[in-house]
Amino acid sequence: MTILFTTDHEWLRIEAMSPPSGHDYAQSQLGDVVFVELPKVGRSLDKAEAAAVVEIRQGRLRRLRADSGDVLEVNEALVAEPAL
C-alpha cells in the first residue's frame, strides 16, 4: 500500500485499481454535512479540479481530487443522506 499526500494535506491511498482519497483532519472538523453534490459517472477530472461540493452548516467546501482521472462510480446514498 502506498499513501501519497497533496500540498493541501489530502491523501490518496494506492491499493487497487480505484484508490480512495480523503482528508482525515477535515473529516473530524467538518461538523454537520447538510448537502453533497457529486460528479457524474464517466466525467474526466484534471488534477486539482473540483470533483464534488460538500456543504456544512458553517459554509460550503469544494472537494478537490488529488490527481487526474475518470469518475468510475459515486456513492449515491450521500445525495439522499449527506451525513453518511
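Summary of the structure given here.

Rules behind the numbers
Residues numbered from 1 in each chain as written. Predicted model: local features only at pLDDT ≥ 70, side-chain atom pairs only at ≥ 80, totals over all residues. Heavy atoms only, no water. Helix = DSSP H or I, 4+ residues; strand = E, 2+ residues; numbered from the N terminus. Buried < 20%, exposed > 50% of the residue type's maximum accessible area, 1.4 Å probe, protein only. Contact = heavy atoms within 4.5 Å. Areas by Shrake-Rupley, 256 points an atom, 1.4 Å probe, with all protein chains shown as cover. Core = buried A, V, L, I, M, F, W, Y, C linked by side-chain atoms within 4.5 Å. Salt bridge = Lys/Arg side-chain N within 4 Å of Asp/Glu carboxyl O.

1. A closer look at the overall build of the protein
Working step 1: Counting its regular elements, the protein contains 2 helices and 8 strands.
Working step 2: Ordered by position in the sequence, the α and β elements of the protein form the string β-β-β-α-β-β-β-β-β-α.
Working step 3: Among the 84 residues that make up the protein, the fraction classed as buried is 21%.
Working step 4: For the protein, the share of sequence-separated contacts (at least 6 apart) that also reach a separation of at least 24 residues comes to 35%.
Working step 5: Just so you have it, the protein exposes about 6200 Å², and 52% of that area is on carbon and sulfur atoms.

2. A closer look at the nonpolar core
Working step 1: Of all hydrophobic cores here, the largest spans 5 residues; its members are Val33, Val36, Val54, Ile56 and Leu78.
Working step 2: Those elements giving two or more residues to this core turn out to be β4 (33–37) and β6 (50–56).

3. Examining the pattern of salt bridges
Working step 1: Following the criterion strictly, the structure yields 2 salt bridges and no others.
Working step 2: Close ionic contact of arginine 57 with aspartate 32 constitutes a salt bridge, the shortest N to O distance being 3.0 Å. Residue arginine 57 is located in the loop between β6 and β7 (59–64), and its partner aspartate 32 is located in the loop between α1 (24–29) and β4; the two are separated by 25 residues in the primary sequence.
Working step 3: The exposure class assigned to aspartate 32 is partly exposed, which follows from its relative accessible area of 45%.
Working step 4: Where arginine 43 meets glutamate 49, a salt bridge forms, and the shortest distance between an N and an O atom there is 2.7 Å.

Everything listed here is a matter of coordinates, which is why it stays silent on function.
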